[in-house]
Amino acid sequence: MITANVLQDAQMRLARYYAQKLRQMNERLEQGGALLTSTLNTFDQELAQIRHWQDYVVNQNGGSAEHDRLLVEFALNMLVTQQPFDEQMDWMQPGLAAAQRLGDLRSQSALLKDMSYALLRQGDLPAAREAAERALELAQQIKDKYLESRIVLRLGQVMSDGGDFELAQQYLQRALDLGDLDVKSKIKINTWLGYIAYCEDDFERSSAYIDDNIRLSRALGDLSELATALVNRGMTYLDTGKDHEGIPLIRESISIQRKLGEKNLIGHGLQTLVGYYVRLGALAEAQRYADEHLATAIEMGSPVEMVWAHGSLAAISRERGDYQRAYAYLMEDQAFVASSDSLGSAIFHHHTLASVLLPLGRYAEAKDLCLRLLADESPLLELKELLDLHDFLAQIATAEGNRDQAIVSWREALGLSTNQYAQQIRLHSALANACLPKGDFAQAQMSLNEAERIEHEQDDIRGLSVTVETRIVQARLHTRLGDLAAAKEVLCDSLNRVRNLEVIVPKLNALVAASEYWAAIGDVRSVQVLSFVAHHNGTPHAQRTTCTSQQAQLTRQFGAEICDHHWEIGKTLSLDDVIDMTILHTNQR
């Protein structure tokens, strides 16, 4: 007969066996290289058993030192990135309580450091900082320099995510000064220093840190760190317009992450690819990566990742002209953003929301959102975020008919732009476009010349949709100056180029440029084109095409008649159909 004591001894032996197995997997995980994938696969296969015995120890309630030591071992060796937040805390909280009962200060410090990371991923920055600071106090108390340097590194990460870059750099430098850092810790410091430089638009300094990480992680054989370095380097290439160099690095990073099962960083890479393809106007490709990002966020159960994934989907819907769907995506996260301390995801959400409210005609809401961000978060905003806010304010001013204010805001945005070349081209085009109705043709030409200079210097930018906008504005300028031959040549080039884009706004702007050219040569079809655009796409779209008040009046007067008699009511036509007709007619004239 098996006695209760014999059974309990057997159960404790099994619990110790799985705790030891978990520790061995973690040790192999730290080594990285070829062991990494097999370690994670083993963890996934045996997770149910490991979790069963961890639960067994938690539920014993005996309070014995042996049970407590096992709880601490399970918690310290938990593979953090493999489980949802609630499950992570289910491992760490009992382990921390057990370490406190044992008086084990080092384990308490290490567990608080790990809890800080989990809280950081959850978006709870105050709690993450508090846990890291408590961990630091304990590490200093036991004079463990290695642990102290790792915790100071975590505090630097928390401060960086909170937007306090100055304090973040102080913590990161302190981690370096403490010494006793292994190569992986040095890689992490490089990562965050590179991130801070990136946020400050210092791409040269950022790239130096990241290139060092690529070298170190390849030498170490650490695929996880290599994946992080590759996606970060890809971002610096993309933001400087070197898309052909950046995209392969990000795809390599995602491929590594898929093999490793590291879903956190996969989201980062997927979102970056979505942004690139939206900018390129390849929305079908962007949709594919955005859908994968959303599926990953749902699988992770991470509210922060959901914010970024929904923002990407909203950006794609916005570019397609489906503003209601874009707005619906953003409303999915409204409650979380309102209560979260994750500054980065909140700013991203508000930026995207402002860009959707604008074409919906909700100018006051969009303007209020931008001004509140500038007033409340200005010290913590990255340069790119400040630039975007001034850009939005300029677009709102244009929609409201206040072109003087739009010009001021676009100049402020350009003053903040340093190395973001694609953004600079778009801003120069927008500034030139705003100058046309004022008759300031000299300033418009100067802005277009500057956009063209940047385009020629940055070869990889030439395929982007932003360069089409420059051509469209140039065609409008030629029309205003009466150089109709030049206007026709540039206009036809623009129409042929927008025909291959999936994004809607450049198509609409090209049609307005065509309508202005036709009006200048005395062709009544200028009214017809603009009427169709308004009828087919709705008032907010027509407003975004920067049509004049006179054209808008003609649209209202002749819109229904034109659509009934010239395009056969009931017949479905796409914008590309209209562009084809416009190209044909323009060439004939």
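Criteria and thresholds
Residues numbered from 1 in each chain as written. Predicted model: local features only at pLDDT ≥ 70, side-chain atom pairs only at ≥ 80, totals over all residues. Heavy atoms only, no water. Helix = DSSP H or I, 4+ residues; strand = E, 2+ residues; numbered from the N terminus. Buried < 20%, exposed > 50% of the residue type's maximum accessible area, 1.4 Å probe, protein only. Contact = heavy atoms within 4.5 Å. Areas by Shrake-Rupley, 256 points an atom, 1.4 Å probe, with all protein chains shown as cover. Phe/Tyr/Trp six-rings, centres within 6.5 Å; stacked < 30°, edge-to-face > 60°. Core = buried A, V, L, I, M, F, W, Y, C linked by side-chain atoms within 4.5 Å. Axes fitted to C-alpha atoms, helices over the stretch in contact; angles between N-to-C directions. Parallel < 35°, antiparallel > 145°, perpendicular 65-115°, else oblique. Left-handed = near helix turned anticlockwise from the far one by under 90°. Nonpolar A, V, L, I, M, F, W, Y, C, P; charged D, E, K, R; others polar. pLDDT = per-residue confidence, 0-100. Salt bridge = Lys/Arg side-chain N within 4 Å of Asp/Glu carboxyl O. Expected span 1.5 Å × (residues − 1).

Caption draft 1: Layout of the overall build of the protein chain. Per the secondary structure count, the protein chain includes 30 helices and zero strands. By the burial criterion, 56% of the 589 residues in the protein chain qualify as buried. Look at the contacts in the protein chain between residues 6 or more apart in sequence, and 65% of them connect residues 24 or more apart. Carbon and sulfur atoms form 49% of the exposed surface of the protein chain, whose accessible area is close to 25,000 Å².

Caption draft 2: Summary view of the packing of aromatic side chains. Inspection of the entire model under this criterion finds three aromatic pairs. An angle of 80° between the planes, with centres 5.4 Å apart, marks the rings of W192 and Y195 as edge-to-face. Here W192 pairs with Y195, and both are found in helix α9 (residues 183-199), just three residues apart, close to one helical turn. Owing to a relative accessible area of 15%, W192 belongs among the buried residues under this scheme.

Caption draft 3: Local environment of the nonpolar core. Grouped together as the largest cluster of nonpolar side chains are 51 residues, with contacts concentrated most on L273, V274, Y277, I316, L491 and V498. Looking at which element gives the most residues to this core, the answer is helix α13 (residues 263-280), with eight residues. With residues near it in sequence (within four places) discarded, L273 still touches I247, I250, R251, I254 and Y289. By size, the runner-up hydrophobic cluster in this structure holds 42 residues, among which are L120, L147, V158 and F165.

Caption draft 4: Here's a closer look at the packing of helix α10 (residues 203-220) against helix α11 (residues 223-239). Running from amino to carboxyl end, α10 crosses α11 at an angle of 155°, the nearest separation of the two axes being 9 Å. With respect to each other, α10 and α11 are oriented roughly antiparallel. In this structure, the crossing between α10 and α11 has a hand that is left-handed. Counted together, F203, S206, S207, I210, D211, N213, I214, S217 and R218 of α10 and E225, L226, A229, L230, N232, R233, T236 and D239 of α11 form the full contact between these two elements. Here the residues of the contact of α10 with α11 sort into six nonpolar, six polar and five charged.

Caption draft 5: Inspection of the packing of helix α3 (residues 65-76) against helix α4 (residues 85-102) at higher detail. Remark: α3 packs on α4, axes separated minimally by 8 Å, with the N-to-C direction vectors making an angle of 135°. Between α3 and α4, the angle falls in the class oblique. The crossing of α3 and α4 is left-handed. The residues of α4 that touch α3, namely those facing A65, D68, R69, L71, V72, F74 and A75, are W91, M92, P94, G95, A98, A99, R101 and L102.

Caption draft 6: Molecular detail of the confidence of the model for the protein chain. Across the protein chain, pLDDT averages 76, with 75% of residues at or above 70. In the model, residues 537-571 has pLDDT below 50 throughout and makes 56 contacts with residues more than four positions away in sequence or in other chains.

Caption draft 7: Broad picture of the pattern of salt bridges. Evaluation of the coordinates by the stated rule reveals 22 salt bridges. Notably, a salt bridge pairs D212 with R215, separated by 2.5 Å at the nearest N-O pair. Here R215 and D212 lie together in helix α10, a separation of three residues that amounts to about one turn. A relative accessible area of 51% means that R215 is categorised as exposed. Between R251 and E285 there is a salt bridge; the shortest N-O distance is 3.9 Å. Residue R251 is located in helix α12 (residues 243-260), and its partner E285 is located in helix α14 (residues 283-300); the two are separated by 34 residues in the primary sequence. Overlapping salt bridges, with partners in common, bring together R251, E285 and R288 in one network.

Caption draft 8: Looking closely at unusual backbone geometry. Positive phi, normally seen in glycine, also occurs at K143, with a value near 60°. Assignment of secondary structure puts K143 in the loop between α6 (125-141) and α7 (145-161). Here K143 falls in the exposed class, since its relative accessible area comes to 70%.

Caption draft 9: A look at the side chain of H293. Of note, H293 is situated in helix α14. Other than its neighbours up to four places away in sequence, H293 contacts G267, L270, Q271, E305, W308, A309 and S312.

Caption draft 10: Representation of α14 within the structure. Between its first and last C-alpha, α14 extends 25 Å over 18 residues, near the 26 Å set by a 1.5 Å rise per residue. For α14, the set of buried residues is L283, A286, Q287, Y289, A290, H293, L294, T296, A297 and M300. Two residues or fewer past α14, G301 is found with a positive phi of approximately 70°.

Caption draft 11: Main features of the environment of L111. Looking at the element boundaries, L111 is found in helix α5 (residues 105-122). The buried category is assigned to L111, whose relative accessible area is 0%. Sequence separation of L111 and A135 is 24 residues, and the distance between their C-alpha atoms is 7.9 Å. Apart from residues no more than four positions distant in its own chain, L111 is found in contact with A75, L76, M92, G95 and L96.

Caption draft 12: Layout of the environment of L147. Among the structural elements, L147 can be located in helix α7. We classify L147 as buried; its relative accessible area is 4%. Considered as a pair, L147 and A135 are twelve residues apart in the sequence and their alpha carbons are 9.0 Å apart.

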